[in-house]
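Structure assessment
Spelled out, the chains give:
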Amino acid sequence: MNNNTMTPAVSVRAVRKSFGEGEAAIEVLRGVDFEAIQGKLTFLVGPSGCGKTTLISVIAGLLDKNAGQVELFGQDLEALTPRQRILFRRQNLGFVYQQFNLLPALTAAENAAVPLLAAGMPRREAVDRSKALLVKLGLENRLDALPAKLSGGQQQRVTLARALVHEPRLIVCDEPTASLDHASGEAVMQLLAENAVHPERAVIVVTHDNRVFHYADAIAHMDDGQIVKTESGRKSDNFLPHRAKVLV
């Protein structure tokens, strides 16, 4: 048994977050309890407007909470200075966005290398490392292509490479399949599961797409600013063998 089986990468306890002040204040998170376990793919699901994006923003330290406790790998980000918080996120977090947010003037390899460049790695070394990862993701013939010359699926792979290239311990994916058809959504989730899930890493997927729920190890259901239910995932038998194929 893996020693990390039940080790929380993310621990959220009684978290509250409001926007606005006084009588105009709107409470978006209302005492949220949530965990994401190392080595697991955790889905955060629920209807639009229920607080999912606010919760992951608080987890990532992009928003300050009003009350409660959030720890990432045992670290309370609010106990850090602003500079320390930026460094912690840079070293430990990777994001896969619904909108790819690739820089149009950079090649696929350069886009994937951005986190390494931001951390101060020499350009040649950073781009070489990103190229090696993109090759593993099947883009060996598109390394020097600009985003405008890439298909949607290829851009998604570059986005995933950018999230993984600096080997973060937490990957957060915000609605990665929302704008995709079923086949493309399945391909993205397969890609995530094969390359992002790792014993020392946790993956959180924010989604309301129940077509891909069978990829989850755990599913936390959110509604009206609270986690209302957490259940085990429903991974299909056909999918299970692929979980062992970790490229990063």
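This is a predicted model, so every value here is computed, not measured. (Residues numbered from 1 in each chain as written. Predicted model: local features only at pLDDT ≥ 70, side-chain atom pairs only at ≥ 80, totals over all residues. Heavy atoms only, no water.)

**Description of the pattern of salt bridges**
A full pass over the atoms with the stated rule returns seven salt bridges. The partner of arginine 13 in a salt bridge is glutamate 35, with the nearest N and O atoms 2.8 Å apart. Here glutamate 35 lies in strand β2 (residues 26–37) and arginine 13 lies in strand β1 (residues 8–19), a separation of 22 residues in the sequence. Overall, the relative accessible area of 33% leaves arginine 13 in the partly exposed class. Residue class for glutamate 35 comes out partly exposed when judged on its relative accessible area of 34%. With its nearest N and O atoms 2.8 Å apart, the salt bridge here joins arginine 85 to aspartate 64. On the criterion of sequence distance, the pair formed by arginine 85 in helix α2 (residues 82–92) and aspartate 64 in the loop between α1 (52–59) and β4 (67–72) is long-range, its members being 21 residues apart. (Salt bridge = Lys/Arg side-chain N within 4 Å of Asp/Glu carboxyl O. Helix = DSSP H or I, 4+ residues; strand = E, 2+ residues; numbered from the N terminus. Buried < 20%, exposed > 50% of the residue type's maximum accessible area, 1.4 Å probe, protein only.)

**Considering the packing of helix α6 (residues 152–164) against helix α7 (residues 182–195)**
Their axes nearest at 11 Å, the elements α6 and α7 cross at an angle of 25°. The orientation of α6 with respect to α7, classified from their angle, is roughly parallel. The chirality of how α6 crosses α7 is right-handed. The segment α6 lies against α7, with Gln156, Arg157, Leu160 and Leu164 engaging Val188, Leu191, Leu192 and Asn195. (Axes fitted to C-alpha atoms, helices over the stretch in contact; angles between N-to-C directions. Parallel < 35°, antiparallel > 145°, perpendicular 65-115°, else oblique. Left-handed = near helix turned anticlockwise from the far one by under 90°. Contact = heavy atoms within 4.5 Å.)

**Concerning the environment of arginine 162**
With respect to the element layout, arginine 162 can be found in helix α6. Since its relative accessible area comes to 11%, arginine 162 is described here as buried. Residues arginine 162 and aspartate 224, spaced 62 residues apart in sequence, show a C-alpha to C-alpha distance of 32 Å. The contacts of arginine 162, once residues within four sequence positions are left out, are Tyr97, Phe100, Asn101, Leu102, Asn111, Ala112 and Pro115. A polar side-chain atom of arginine 162 sits 2.8 Å from the main-chain carbonyl oxygen of phenylalanine 100. (Polar contact = N/O pair within 3.5 Å; in protein donor to acceptor, adjacent residues only side chain to side chain.)

**Considering the confidence of the model for the protein**
Across the protein, the average pLDDT comes to 86, with 92% of residues at or above 70. Scored below 50 in pLDDT, residues 236–248 shows 26 contacts in the model against residues more than four places distant or in partner chains. (pLDDT = per-residue confidence, 0-100.)

**Section: the nonpolar core**
Core analysis: the biggest nonpolar cluster contains 43 residues, and Leu41, Phe43, Leu134, Met189, Leu192, Val203 and Val205 have the highest contact counts within it. Secondary-structure elements contributing two or more residues to this core are β3 (41–45), α3 (108–112), α5 (123–136), α6, β6 (170–174), α7 and β7 (202–207). The contacts of methionine 189, once residues within four sequence positions are left out, are Leu41, Phe43, Thr177, Val205, Val212 and Tyr215. If you look at the next biggest cluster of nonpolar residues, it comprises 30 residues, including Phe34, Ile56, Ala60 and Val206. (Core = buried A, V, L, I, M, F, W, Y, C linked by side-chain atoms within 4.5 Å.)

**Some remarks on α1**
Counted residue by residue, α1 has seven buried out of eight residues, so it is predominantly covered. Along α1, the residues that are buried comprise Lys52, Thr54, Leu55, Ile56, Ser57, Val58 and Ile59.

**Overview of unusual backbone geometry**
Of note in this structure, phenylalanine 73 is not a glycine but carries a positive phi near 55°. With respect to the secondary-structure elements, phenylalanine 73 resides in the loop between β4 and α2. One non-glycine residue with positive phi stands out, namely glutamate 167, at about 55°. Take glutamate 167: it is sitting in the loop between α6 and β6. Overall, glutamate 167 belongs to the exposed group, its relative accessible area being 54%.

**Some details on the packing of aromatic side chains**
Each aromatic ring pair is described using two quantities: the centre-to-centre distance and the angle formed by the ring planes. Tallied over the full model, the rule gives one aromatic pair. A centroid spacing of 6.1 Å and a plane angle of 80° characterise the contact between phenylalanine 43 and phenylalanine 213, whose relative ring orientation is edge-to-face. Remark: phenylalanine 213 occurs in the loop between β7 and β8 (218–223) and phenylalanine 43 occurs in strand β3; sequence separation between them is 170 residues. Phenylalanine 213 carries the same exposure label as phenylalanine 43, and that label is buried. Over the face of the ring belonging to phenylalanine 73 we find arginine 169, whose NZ or CZ atom lies 4.0 Å from the ring centre. (Phe/Tyr/Trp six-rings, centres within 6.5 Å; stacked < 30°, edge-to-face > 60°. Lys NZ or Arg CZ within 6 Å of the ring centre and 35° of its normal.)

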